[in-house]
Amino acid sequence: MTENTQKPKANTLWGGRFEGGVSDIMEKINASIDFDKILYRQDIQGSIEHCKMLVETGIITNEDGQSIQDGLTQIEQEITEGNFEFSAELEDIHMNVEARLTEIIGATAGRLHTARSRNDQVATDFKLYVRDACDQADEALKALQIALINIAEENADVIMPGFTHLQSAQPVTFGHHMMAYFEMFTRDRGRFQDARKRLNECPLGAAALAGTSFPIDRHQTAKALGFDGPTANSMDSVSDRDHALEFMSAAAISAVHVSRLAEEIVTWSCAQFNFIQMSDSFTTGSSIMPQKRNPDAAELCRGKSGRIIGSLNSLLITMKGLALTFSKDMQEDKEATFDAVETYSLIIAAMTGMVEDMKVNPEQMRKATDLGFITATDLADWVVRVLGLPFRQAHHITGSLVAMAEKKGGDLDGLTLEEMQTIEPLITDDVFNVLSVDKSVASRVSFGGTAPSEVLKQVESAKKRIG
């Protein structure tokens, strides 16, 4: 075996403390440039504003400041146009940018890092990225809500079975069913908006962990970067990853909502239900069964929700054992968050497309209400309201009538008055007014109920609330 006598390369940006350099293994495990290069815009934006502040406070000269800003602008253009060569030896986006800046303007580039550390630098970049992700999630959810509002309004009077335990429970309208998901995604938007408010404090200027002795103006950089103000504690500033955890928590909860709707789409589109049809845009065929139309987009949304939950869990586990302040473990925050942002964006876009693509089959939905004695609750309510009997007694009477109808092989409205009166003599022919699904649905006019008139009120309210 030939001995590898090549001396590992030292990273010059680490300074004079390190002479021997790093092994190939250390370089590989330490480098993050393959994934954190996505932060280049945020990194350059933060550096430009830090540079402006250094000039304003007299820490560096106007001439040096302008040279640095021009160099950074050139680097951003190079990366955007795909002309920038990233180096794993330089570890991350921050050191790659600084090294290139040194190539462009020389030793003056070294003045940029005055009064800051990579710790507060990366914390600022990451917050800017997560803040953008919160805004993008909010806009994507709004588009999904609009799609839900539209399909709910179009189908406000389409009657279908409402289910509990996947058993027919009570008749509802499809519009009402869709508006339930509107409410879920409204709460999701609120979570992203709340997370954005909490994260909107700027870590820049906290330096490594203890602040700096230079006369910097943290309020200036915070304002310039769109933050409400600077973070209050330098140690918390560089060790906090709550913003990533909150984003992924909101995304995980929302992904569960997407998954639930995806499961409904999978169920509704199968031949046994046939409540909806999806076009070729969001389905695939089978390599062996030519009749198949598989709801793959919905299934993938359902599956990818677990991926987002996994990303959240990964970062929670990483953070739980870390003492203040920064540890290299925290480099694991990026890949999990980046993947969650990308995956979440994809499933929201896919679900919006599926809702817009969905073709509703009202006749089949209505036909399904013939199964499962779906107006039994209406019958029990009638016994209480008209006959004045306690609900528990009405429940028992209705259960006996359901058993009778089941033995006959029909539904409740297939029983004669005389047959009903063998169970409860006080029943009159007025009972047949509540056994139709149309009257059942129309009667549910309580606030938030399923009556078509109420659904249309919900739709109008939703249009005003959507923002």
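A short tour of the structure in this document, coming up.

What counts as what
Once a new chain begins, its residue numbering starts again from 1 and follows that chain's sequence as written. Where local features are concerned, this predicted model is filtered to residues with pLDDT of at least 70; where side-chain atom pairs are given and counted, the filter is 80 or more; whole-chain, interface and lining totals use all residues. Calculated side-chain values reflect all of the structure's heavy atoms, with hydrogen atoms and water omitted. Nonpolar cores are built from buried Ala, Val, Leu, Ile, Met, Phe, Trp, Tyr and Cys residues. Side-chain atoms within 4.5 Å join them into one set. With a 1.4 Å probe rolled over the protein chains alone, any residue whose accessible area is under 20% of its type maximum counts as buried; one over 50% counts as exposed, and the rest are partly exposed. Helix and strand assignments follow DSSP, with helices taken as H or I runs no shorter than four residues and strands as E runs no shorter than two, numbered in order from the N terminus. Throughout, a residue-residue contact means that at least one pair of heavy atoms, one from each residue, lies within 4.5 Å. For a helix, the expected span equals 1.5 Å multiplied by the number of residues minus one. This arc is built from the directions going out from the helix axis to the C-beta atoms. Any two strands between which DSSP finds at least two bridges are classified as paired. In what follows, salt bridge is the name for a side-chain nitrogen of Lys or Arg lying within 4 Å of a carboxyl oxygen of Asp or Glu. In this scheme Phe, Tyr and Trp rings, the latter by its six-membered ring, pair at centre separations within 6.5 Å, and the angle between planes marks the pair as stacked below 30 degrees, edge-to-face above 60, and tilted otherwise. Charge over a ring is defined by NZ of Lys or CZ of Arg lying within 6 Å of the ring centre and within 35 degrees of the ring normal. The axes used here are C-alpha line fits, helices contributing only the stretch in contact, and every angle between their N-to-C directions lies in the interval 0 to 180 degrees. Here the angle decides the label: under 35 degrees means roughly parallel, over 145 means roughly antiparallel, 65 to 115 means roughly perpendicular, and every other value means oblique. Throughout this entry, Asp, Glu, Lys and Arg are counted as charged residues, while Ala, Val, Leu, Ile, Met, Phe, Trp, Tyr, Cys and Pro are counted as nonpolar. The remaining residues, Gly among them, count as polar. Patches here: salt-bridge-free residues with over 30% relative accessible area, like charges joined within 9 Å, nonpolar side chains (Val, Leu, Ile, Met, Phe, Trp, Tyr) joined within 5 Å. Here the Shrake-Rupley method, with its probe set to 1.4 Å, supplies the accessible areas, and only the displayed protein chains count as covering residues.

1. A few points about the nonpolar core
In summary, soluble globular proteins display a tendency toward joint burial of nonpolar side chains. Phe174, Met178, Phe192, Phe247, Ile265, Tyr344 and Met351 are the most contacted members of the largest nonpolar core, which has 96 residues in total. Per-element tally for this core: the top contributor is helix α10 (residues 242-268), with 14 residues. Setting aside residues up to four positions removed in sequence, Tyr344 forms contacts with Ala137, Leu141, Phe192, Ala251, Ser254, Ala255 and Ile308. Counting 21 residues, the second largest nonpolar core, distinct from the first, contains Phe373, Val383, Ala394 and Met404.

2. Describing helix α15 (residues 391-408)
Under the 1.5 Å per step criterion, the end-to-end length of α15 is 25 Å for 18 residues, consistent within 8% with the ideal 26 Å. What α15 keeps buried is the set Ala394, Ile397, Thr398, Leu401, Val402, Met404 and Ala405. All buried residues of α15 project into a common sector of 160° when viewed along the axis, lining one side. What points out from α15, more than 90 degrees from its buried face, is the exposed set Arg392, His396, Glu406 and Lys407. Considering only its buried residues, α15 is in contact with α14 (376-387) and α16 (417-421). With its phi angle positive at about 80°, Gly409 sits one or two positions after the end of α15.

3. Looking at the pairing of strand β1 (residues 159-164)
Of the pairings in the sheet, the one linking β1 to strand β2 (residues 167-173) comprises six bridges and is antiparallel in character. Each residue of the ladder has a partner; that of Met160, found in β2, is Val172.

4. Details of unusual backbone geometry
Leu324 connects to Thr325 through a cis peptide bond whose omega is 10°. When you line up the elements, Thr325 lands in the loop between α11 (296-319) and α12 (332-357). Even without being a glycine, Glu91 presents a positive backbone phi close to 70°. Structurally, the position occupied by Glu91 is in the loop between α4 (62-80) and α5 (93-105). Residue classification places Glu91 among the buried positions, given a relative accessible area of 4%. Positive phi values are uncommon outside glycine, yet Asn274 reaches one of about 60°. Mapped onto the elements of the fold, Asn274 is located in the loop between α10 and β5 (276-277). A relative accessible area of 26% places Asn274 in the partly exposed class.

5. Structural notes on the pattern of salt bridges
Pairing between side chains becomes possible if they bear opposite charge and their charged atoms approach one another. Under the criterion given, the structure shown has 24 salt bridges. Between Asp188 and Arg191 there is a salt bridge, and its shortest N-O distance comes to 3.0 Å. Of the two residues, Asp188 and Arg191 are both situated in helix α7 (residues 174-199); the distance of three residues between them amounts to about one turn of the helix. We classify Arg191 as partly exposed; its relative accessible area is 27%. Here Arg302 and Glu263 are joined by a salt bridge, their closest N and O atoms 2.5 Å apart. Of this pair, Arg302 sits in helix α11 while Glu263 sits in helix α10, and the two are 39 residues apart along the sequence. Overlapping salt bridges, with partners in common, bring together Glu91, Asp92, Arg118 and Lys328 in one network.

6. Structural notes on the packing of aromatic side chains
Applying the stated rule across the entire model yields eight aromatic pairs. Among the aromatic side chains, those forming a connected cluster through ring pairs are Phe126, Tyr129 and Phe338. Over the face of the ring belonging to Phe227 we find Arg131, whose NZ or CZ atom lies 4.7 Å from the ring centre. Seen from the ring of Phe126, Lys334 lies directly overhead, with NZ or CZ sitting 4.8 Å from the centre.

7. Here we look at the packing of helix α3 (residues 40-56) against α4
Relative orientation of the contacting elements α3 and α4 amounts to 170°, with a least axis distance of 9 Å. In terms of axis orientation, α3 runs roughly antiparallel to α4. On the side of α3, the interface is formed by Tyr40, Arg41, Ile44, Ser47, Ile48, Cys51, Lys52 and Val55, while α4 contributes Asn62, Gly65, Ile68, Gln69, Leu72, Thr73, Ile75, Glu76, Ile79 and Thr80. Here the contact of α3 with α4 is built from residues that sort into nine nonpolar, six polar and three charged.

8. Details of a nonpolar patch on the surface
A grouping of Leu209, Met235 and Leu324 is seen on the molecular surface, where their side chains present a nonpolar patch of about 270 Å² in accessible area. Using a relative accessible area of 61% as the deciding quantity, one classes Leu324 as exposed.

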